[in-house]
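A structural walkthrough
The chain contents come next:
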Amino acid sequence: MTEAETIQLFKCLSDRSRMRIVKALLIEDMYSERLAERLGLSPATVSFHMKKLEEAGLVASHKEQYYTVYSLMPEVLDSSLRELLGEEAEDIAEQQEREEKYRKKVIDSFFEYGKLKSIPTQRKKERIVLEVIAESFQFERLYTEREVNIIIADFHDDFCTIRRDMIAEKLLARDKSGYWRVKAKNEKAE
Amino acid sequence: MPEKIKGLWFEYLDGKAAEAKSEAERLAAEDRRDEAGHMKVRENIYRVFKTVFSALEAALTGDGLREGYLNKIGEISQNWQDSLDKGREHNDAERVLIEGVKLNVYQQVKEKFVEIWGAEYD
């Protein structure tokens, strides 16, 4: 478990309702309606907490007929505090983790359910957004301008600006024959 | 518009906002901060509905005010409904919960407003 994951776990558990849910699941696996009844919370509130617990890796869910049944993850639950705190993150890993966190934050703020809400004005942020859009293009395939526009329009109406910026950022390249996706230095072809 | 209705209406909205605020404080004191945050959303929605009423009563009177207010809060709640549907579609538990809280306040407010208005006018 990385430092960031450990922090997420502690943050997640620093909430009385979530602690009560974990305590209830220590006794037996349960579905959310039953947990809601037992803890006096609304089913929507329980679902909200369960999502946080799942994201922290403490809980897993599976479907049983109409119900989603939750259970605790023993590998996280049985970790000692010493084990959780003893993880030594290397500098490079930490740096990557920070970058990944920043990238996720940018993606979360600019995209909503796969749609780009607005084109970032800051270049670093726009680069991240354009990289996400570039993932919709295959390597070693030639696209017509119309195809490029259609793919980009799935994300945002201003496909002209985005197409031009993707060329400028060297995520796409073009010549008379059409457009293609460019491999970044650290990127491998699919 | 009789001042009496306005008085009753603001008393109701202020009372509900104060209740939600105090519940949020209780939850926060119990270390249930996320639920406290959801309660603050409730409080804000009561205040939003008060602001909408204040804005409309400056321009409308009588049945026009009644219809205008119900239409306006209906329009606002439609955005929450759309957002809730999107949240459900994408299995976004947090959004579903928050939009559900707002819509729940809307239902309560709408019914109470019709009740107060009806008691005074009908």
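Before reading on, note that the structure itself is shown above.
Residues numbered from 1 in each chain as written. Chains lettered and ligands numbered in written order. Predicted model: local features only at pLDDT ≥ 70, side-chain atom pairs only at ≥ 80, totals over all residues. Heavy atoms only, no water.

**With respect to the overall build of chain B**
Filter applied, for reference: Working definition: helices are DSSP H or I runs of at least four residues, strands are E runs of at least two. Numbering for both runs from the N terminus. To sort residues, take the accessible area from a 1.4 Å probe on protein chains only and compare it with the maximum for the residue type: under 20% means buried, over 50% means exposed, and anything in between is partly exposed. In what follows, a contact means two residues having at least one pair of non-hydrogen atoms within 4.5 Å.
For chain B, the helix and strand inventory stands at four helices and zero strands. For chain B, the sequential pattern of α-helices and β-strands runs α-α-α-α. With respect to the principal axes defined by its C-alpha atoms, chain B has extents near 45 × 35 × 20 Å. For chain B, the residues scored as buried account for 42% of the 122 residues in total. Of the contacts made within chain B by residues no fewer than 6 positions apart, 68% connect residues no fewer than 24 positions apart.

**Considering the packing of aromatic side chains**
Inclusion rule: For Phe, Tyr and Trp, rings pair up if their centres lie within 6.5 Å, where Trp contributes its six-membered ring, and each pair is then called stacked (planes under 30 degrees apart), edge-to-face (over 60) or tilted (otherwise). Geometrically, a charge over a ring is one whose NZ (Lys) or CZ (Arg) sits within 6 Å of the ring centre while staying within 35 degrees of the ring normal.
Summed over the entire model, instances satisfying the criterion amount to 13 aromatic pairs over all chains. Measuring from centroid to centroid gives 6.1 Å for Trp9(B) and Tyr69(B), while their planes differ by 85 degrees, and the two rings are edge-to-face. Here Tyr69(B) lies in helix H3 (residues 62-89) and Trp9(B) lies in helix H1 (residues 3-29), a separation of 60 residues in the sequence. When sorted by exposure, Trp9(B) lands in the same class as Tyr69(B), which is buried. Grouped by ring-pair contacts, the aromatic residues Trp9(B), Phe10(B), Tyr12(B), Phe53(B), Tyr69(B), Phe113(B) and Trp117(B) constitute a single cluster. Between Lys124(A) and the ring centre of Tyr102(A), over which it is positioned, the NZ or CZ distance is 4.4 Å. Its end group placed over the ring of Phe10(B), Lys50(B) keeps NZ or CZ at 5.0 Å from the ring centre.

**Digging into the interface of chain A and chain B**
Rules: Here the buried area means the combined drop in accessible surface, using a 1.4 Å probe, for two parts upon being joined, counting both sides. Throughout this description, the term salt bridge denotes a Lys or Arg side-chain nitrogen within 4 Å of a carboxyl oxygen of Asp or Glu. Polar contact is defined as a pair of N or O atoms within 3.5 Å, subject to the rule that within protein one atom must be able to donate a hydrogen and the other to accept it, and that residues adjacent in sequence are counted only when both atoms are side-chain atoms. Here the term charged refers only to Asp, Glu, Lys and Arg, the term nonpolar to Ala, Val, Leu, Ile, Met, Phe, Trp, Tyr, Cys and Pro, and the term polar to all other amino acids, Gly among them.
Facing the 15 residues of chain A at the interface are 16 residues of chain B. Carbon and sulfur atoms make up 48% of the area that chain A and chain B hide from each other, which totals about 1400 Å². Contact with chain B buries surface across chain A, with Arg16(A), Phe48(A) and Tyr113(A) losing the most and accounting together for 48% of the total. The interface formed by chain A and chain B holds four salt bridges in total. For Glu112(A), the salt bridge goes to Lys86(B), with nearest N and O atoms at 3.8 Å. The tally of links from chain A across to chain B stands at 10 residue pairs in polar contact (both at pLDDT 80 or more). By residue number, the principal contributor to the side of chain A that touches chain B is helix H4 (residues 43-55) of chain A, which donates seven residues. Residue composition of the side of chain A that touches chain B, by class: four nonpolar, five polar and six charged.

**Here's the deal with the sheet that holds strand S3 (residues 67-72) of chain A**
All names here are of chain A. Note the cut-off: At least two DSSP bridges between two strands are required for those strands to pair. The angle between two axes is taken between their N-to-C directions and runs from 0 to 180 degrees, where each axis is a line fitted to C-alpha atoms and a helix contributes only its stretch in contact.
On the basis of which strands lie adjacent, the open sheet formed by three strands has the order S1-S3-S2 and antiparallel pairing. Taken across any chain shown, the strands that pair with only one partner, and hence form the sheet edges, are strand S1 (30-31) and strand S2 (59-64). Strand direction decides the pairing type here: S2 and S3, joined by six bridges, are antiparallel. Across the sheet, the residue bridging to Lys63 is Thr68, located in S3. In this fold helix H2 (residues 16-27) packs onto S1, S2 and S3, with an angle of close to 90 degrees to the strand it touches most, S3.

**Some thoughts on the nonpolar core**
All names here are of chain B. The criterion, for reference: Each nonpolar core is a collection of buried residues, namely Ala, Val, Leu, Ile, Met, Phe, Trp, Tyr and Cys, held together in the definition by side-chain atoms within 4.5 Å.
Trp9, Leu13, Phe49, Tyr69, Ile73 and Val109 are the most contacted members of the largest nonpolar core, which has 30 residues in total. Going through the elements one at a time, H1, helix H2 (33-57), H3 and helix H4 (93-121) are the ones with two or more residues in this core. It is H4 that contributes the most residues to this core, nine residues altogether. Setting aside anything within four residues of it in sequence, one finds Tyr69 in contact with Trp9, Leu13, Phe49, Val52, Phe53, Leu56, Val109 and Phe113.

**Some words on unusual backbone geometry**
Residues and elements named next belong to chain A. Located in the positive-phi region is Gln65, a residue other than glycine, with phi close to 50 degrees. Here Gln65 lies in the loop between S2 and S3. Even without being glycine, Tyr113 reaches a positive phi, approximately 50 degrees. The topology assignment puts Tyr113 in the loop between strand S4 (111-112) and strand S5 (115-116).

**As for the environment of Leu70(B)**
Residues and elements named next belong to chain B. Within the fold, Leu70 resides in helix H3. Taking the relative accessible area as the measure of exposure, Leu70 reaches 16% and is therefore buried. Between the alpha carbons of Leu70 and Phe113 there is a distance of 8.6 Å; along the sequence they are 43 residues apart. What Leu70 contacts, discounting residues up to four positions off in sequence, is Lys110, Phe113 and Val114.

The values are spatial; any link to function lies outside them.
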